[in-house]
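Now for the letters of each chain:
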Amino acid sequence: MRLRLILLAVIAALLVVAPEASADLISPESGPSQNANDIDTLYKITLYIGLVIFLLVETTLIYSLIKFRARRGGPEAAQIRGNTPLEISWTIGAALILVMLATVTFIYLPGIKDPPASKASAIETAEGSDYATINQKEPPGGNALHISVNSQQYIWRYDYDDSKDQLFSFHTLYVPVNTTVTLTIYSSDVAHSWWVPKLGGKADAIPGHTNETWFRADEEGTYDGACAELCGEGHADMRTRVVVLPADEYEAWAEQQTADIKAAQQGLAEQRKEREAADEDAGAVTPTEEKKTTEHEKNPPPPPGEEEAP
Amino acid sequence: MEATTVTRPRPEIVMRAYREAPKGWLGWLSTTDHKRIGIMYFAAALVFFVVGGAEALLMRLQLAQSESTLIDAQTYNGLVTMHGTTMVFLFVIPILAGFANYMVPLMIGARDMAFPRLNALSFWLLVTGGIVFYTSLFFEPPTAGWTMYAPLSDNAYLPEGGVDAWILLIHLTGASTLIGAINLIATIHNMRTRGMGWGRMPLFVWTVLVFSYLIVLAYPAIAAAVTMLLTDRHFDTAFFDPIGGGDPMLWQHLFWFFGHPEVYIMILPAFGIISEVLPVFARKPIFGYKAVAASTVAIAFLSMLVWAHHMFATPTATVVLAFFMISSMVIAVPTGIKIFNWLATLWRGSIVFKTPLYFGAGMVGLFTIGGITGVQLAVFPADWQLHDSYFVVAHLHYVLFGGSVFGIFAGIYYWFPKMSGRMLSEGLGKLSFWLMFVGFNLTFLIQHSAGMSGMPRRVYQYPDTGDLELYNLLSTIGSFVLGIGVLVTLVNIVRSIRNGKIAGNDPWQGNTLEWFTQSPPPPNNFDVIPTVRSVEPMKDIRREVAKGAGQQAGSVAQPVA
């Protein structure tokens, strides 16, 4: 009796608390992107089925432990060695639940795996670029922002493949709202894993392989992520950020960034010319000076995006 | 020659003359007695358990606050690697080997293992492996995680000797485990007592047999993989180096081809312990003996087919992911069968609440949670969010701590009286259980949420976003409660070795043959090997003794308590 009351109280408490609890307490992050939302739904389905099994097992366990504890003058233990129909039925029951789970997974899979078309309000990405992908479908209509994600110890470099001029950024990825963004992920050193929880699942970056994923942020905002595969000393520092901007702000950012990159490269060329001129003025080049020059060339001033990394 | 007189010789160890073993430490160093080797396995494993636990608590201390600066990144990565490696290779496997060593010959009515000297070799290889690994503390411990993913573990990124120490550990403990497994297979196949057919073998022995076959199938893969890593590091091969035409994915496949069976290698004997403990304390036969034994074999078979569910986020074709999702789900069926059978074993029993039962029932409750999250992780699109996050850390600890370690503790409380002749304190035992149970859930339940809030595993710092800091603080508090709980059992063991209550031969009214002999058993185990007529031979013997009103009955040649 007391047990039943406790149980009822617990269930009532759960029903009250569950909707109040923040989403990430009981399920993965979601919100701005459809793939993350679908994963969230799929996860919740597995959670609810799991909860039923959990309650079934744990209540039977606790009930048995309380009800069938040895008492003075209590009943002898029933010498039951098995019950074939019962055993067959729970085997089939377990199998059926799993068939159901697998079916639900395949129903949700296309929505999570295949990128959808950009919304009508999305920006026009460059001249309908034709990309061949290995595993991931191209979004219908082809209007998508293509990003190459180059992971390296311990920073993310984002290259905008659709841009005519060189356009890239470090650490922070700027994208327009409502636009499908496909990511081609690779690594230039060890294995990393790209993960921005609110924008969907992980994609491992394995050296020698390319991986793919996508998102379409339908809400403007700033979404944080991190490297999810131990990649060395700086693994915990290898965080990233996706900034989703309104179309016009994104265009403005891209223009500015492109111009900054161009200016930085021109600056580099001028520096080289100045150095060469200075070397000629000084006459013969001494070995130490030559060494300094090479080192300097190896480490050009950081490209504009990097300064924004916290 | 008359055909009737020809009997097939049965392989068994018959003692011709008893040579006094050397006394003191030399006796332990030179012993080939399966019981002494078993005890040494225990002692070594428990030492490594304390070390690995201390490493875990250091990590939890660091994570109690976000962006904490107590421990630096590379030290933290070292702790991650040492903790995982220690717990898997130097605690769980050795202590299970210890149980198997000590209990299998007693349970099957044999006088020793099939190859006693090989048995000693197997133990000393383990110790050597542990020492080689821990000497890396004095130069540069490995920092690539216990999974040692290439190419991070290659000499281009970690040229220090730590990774090499890890490779040598794998080779030494791997050889130790393989030799032990072959020994157990030979023992179980050939040395069962008269009347003990496959259908009368204790379930713990069944799980040890399957554990041993699984080791023989899985360990060669890791031995090959680490050898390839060794030559990559020192002899310019490029098995895992894409620049040289190798493939880091090969490492992941080889590692998990070993690594996933390894998970079941670590849990199956714990299942066996539970299948022994629950019937004894429920005073009931195990429910569905055949189903429990057969599901063990089924789990082992399927465990060889699920490895790539550790690689769902890698660039792999969807059809492959789907295969590994389904195979991983299928393995939940035989696992579920076991859980239902254990519940049915308790049902309508007359349950005696001793410490082994606490840990046994706790294991069933906690392992169920790990099993359910395991199925959730098998759903590969969901895994894209959960993979490599604290959700996985929580899941694996529910399986390995909630499952294996609680099972191991049930075994410690159940068999300590047989091994030492003395009882462990029930009061301390129950205190230890409740501290561990509460501490464990406080530590790991909330980690599911930390993972789903975006906290990757193996990070020494995390941003203070959402409730992450609260989750981690709770987890840290829980881990120290858990640590104290473990400590109480260790104190209990040390105290009871000298001061525990005298146990007698059969303190629990056990079902299996180890309770037939004295506690601790004499070097030859049994003066007369009993004949087995059912799956619960001790029940038969007790019945016979009772029938004979105090007279020793049938083949009972030793005093029966």
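Above: the structure in question.
Just so it is clear, the model here is predicted, and its values are computed rather than measured. (Residues numbered from 1 in each chain as written. Chains lettered and ligands numbered in written order. Predicted model: local features only at pLDDT ≥ 70, side-chain atom pairs only at ≥ 80, totals over all residues. Heavy atoms only, no water.)

## A few points about the pairing of strand E6 (residues 192-195) of chain A
Residues and elements named next belong to chain A. Burial along E6 is two-sided: the residues His192 and Trp194 and Ser193 and Trp195 are all buried. Pairing analysis gives three bridges linking E6 to strand E7 (residues 203-205), with the strands arranged antiparallel. Opposite Trp194, over in E7, you have Ala203 as the bridge partner. Strand direction decides the pairing type here: E6 and strand E9 (residues 221-227), joined by two bridges, are antiparallel. In the strand pairing of E9, Trp194 is matched with Cys227. (Buried < 20%, exposed > 50% of the residue type's maximum accessible area, 1.4 Å probe, protein only. Helix = DSSP H or I, 4+ residues; strand = E, 2+ residues; numbered from the N terminus. Pairing = 2+ DSSP bridges.)

## Some points on the nonpolar core
With 227 residues, the main nonpolar core has A:Trp194, A:Phe215, B:Trp166, B:Trp251 and B:Trp415 as its most contacted residues. With 19 residues, the single largest contributor to this core is helix H7 (residues 248-282) of chain B. Ranked by size, the runner-up nonpolar core spans 18 residues in total, among them B:Tyr76, B:Val80, B:Leu468 and B:Tyr471. (Core = buried A, V, L, I, M, F, W, Y, C linked by side-chain atoms within 4.5 Å.)

## Re the pairing of strand E10 (residues 239-245) of chain A
Strand residues, when the strand is regular, have side chains that alternate between the two faces of the sheet. Residues and elements named next belong to chain A. Counting buried residues in E10 gives five out of seven residues, a clear majority hidden from the surface. In this structure, strand E4 (residues 172-176) lies alongside E10, joined through five bridges in parallel fashion. The partner of Thr172 across the bridge, within E10, is Arg241. Note that E9 and E10 share six bridges and pair antiparallel. The residue of E10 that forms the bridge with Asp224 is Arg241.

## With respect to the pattern of salt bridges
Scanning the entire structure with this criterion turns up 18 salt bridges over all chains. Across the pair B:Asp388 and B:Arg457 runs a salt bridge, and its minimum N-O distance is 3.7 Å. Placement of B:Asp388 in the loop between helix H12 (380-386) and helix H13 (390-420) and of B:Arg457 in the loop between helix H14 (426-452) and helix H15 (468-499) is noted, with a sequence separation of 69 residues between them. With respect to burial, B:Asp388 and B:Arg457 carry one shared label: buried. The salt bridge involving B:Arg542 is made with B:Asp506; its shortest N-O contact spans 2.8 Å. Within this pair, whereas B:Arg542 is found in helix H16 (residues 537-547), its partner B:Asp506 is found in the loop between H15 and H16, the two being separated by 36 residues in sequence. For B:Arg542, a relative accessible area of 22% gives the class partly exposed. When its relative accessible area of 12% is taken as the criterion, B:Asp506 is described as buried. Within this structure, A:Arg81, B:Glu536 and B:Lys539 form a network of salt bridges that share partners. (Salt bridge = Lys/Arg side-chain N within 4 Å of Asp/Glu carboxyl O.)

## Considering a nonpolar patch on the surface
Residue and element names in this part refer to chain B. A grouping of Phe115, Leu118, Leu121, Ile182 and Val216 is seen on the molecular surface, where their side chains present a nonpolar patch of about 380 Å² in accessible area. Mapped onto the elements of the fold, Val216 is located in helix H6 (residues 203-234). Under the relative-accessibility criterion, Val216 is labelled partly exposed at 31%. (Patch = residues over 30% accessible without salt bridge, like charges linked within 9 Å, V, L, I, M, F, W, Y side chains within 5 Å. Areas by Shrake-Rupley, 256 points an atom, 1.4 Å probe, with all protein chains shown as cover.)

## Describing the interface of chain B and chain A
Contacts between the two partners involve 92 residues from chain B and, on the opposite side, 79 residues from chain A. At the boundary of chain B with chain A, total buried surface from both sides reaches about 6,900 Å², with 67% on carbon and sulfur atoms. Interface area lost by chain B to chain A is led by B:Trp384, B:Gln385 and B:Met452, which between them contribute 11%. Put simply, chain B and chain A have two salt bridges between them. A salt bridge links A:Arg81 to B:Glu536; its shortest N-O distance comes to 2.9 Å. Across the contact surface, chain B and chain A share 20 residue pairs in polar contact (both at pLDDT 80 or more). Secondary structure elements with two or more residues in the side of chain B that touches chain A: helix H3 (73-107), H7, helix H8 (289-303), helix H9 (318-330), helix H10 (332-346), helix H11 (355-378), H12 and H14 of chain B. For the side of chain B that touches chain A, a count of residues per class yields 57 nonpolar, 23 polar and twelve charged. (Contact = heavy atoms within 4.5 Å. Buried area = accessible area lost by both parts, 1.4 Å probe. Polar contact = N/O pair within 3.5 Å; in protein donor to acceptor, adjacent residues only side chain to side chain. Nonpolar A, V, L, I, M, F, W, Y, C, P; charged D, E, K, R; others polar.)

## Quick notes on a negative patch on the surface
Residues and elements named next belong to chain A. A contiguous patch of negative charge on the surface is contributed by Glu220, Asp248, Glu249, Glu251 and Glu255. As for its position among the elements, Glu249 is in helix H5 (residues 247-281). Exposure remark for Glu249: the relative accessible area of 44% places this residue in the partly exposed category. (Lys, Arg positive; Asp, Glu negative; His and termini not counted. Charge placed at Lys NZ, Arg CZ, Asp CG, Glu CD.)

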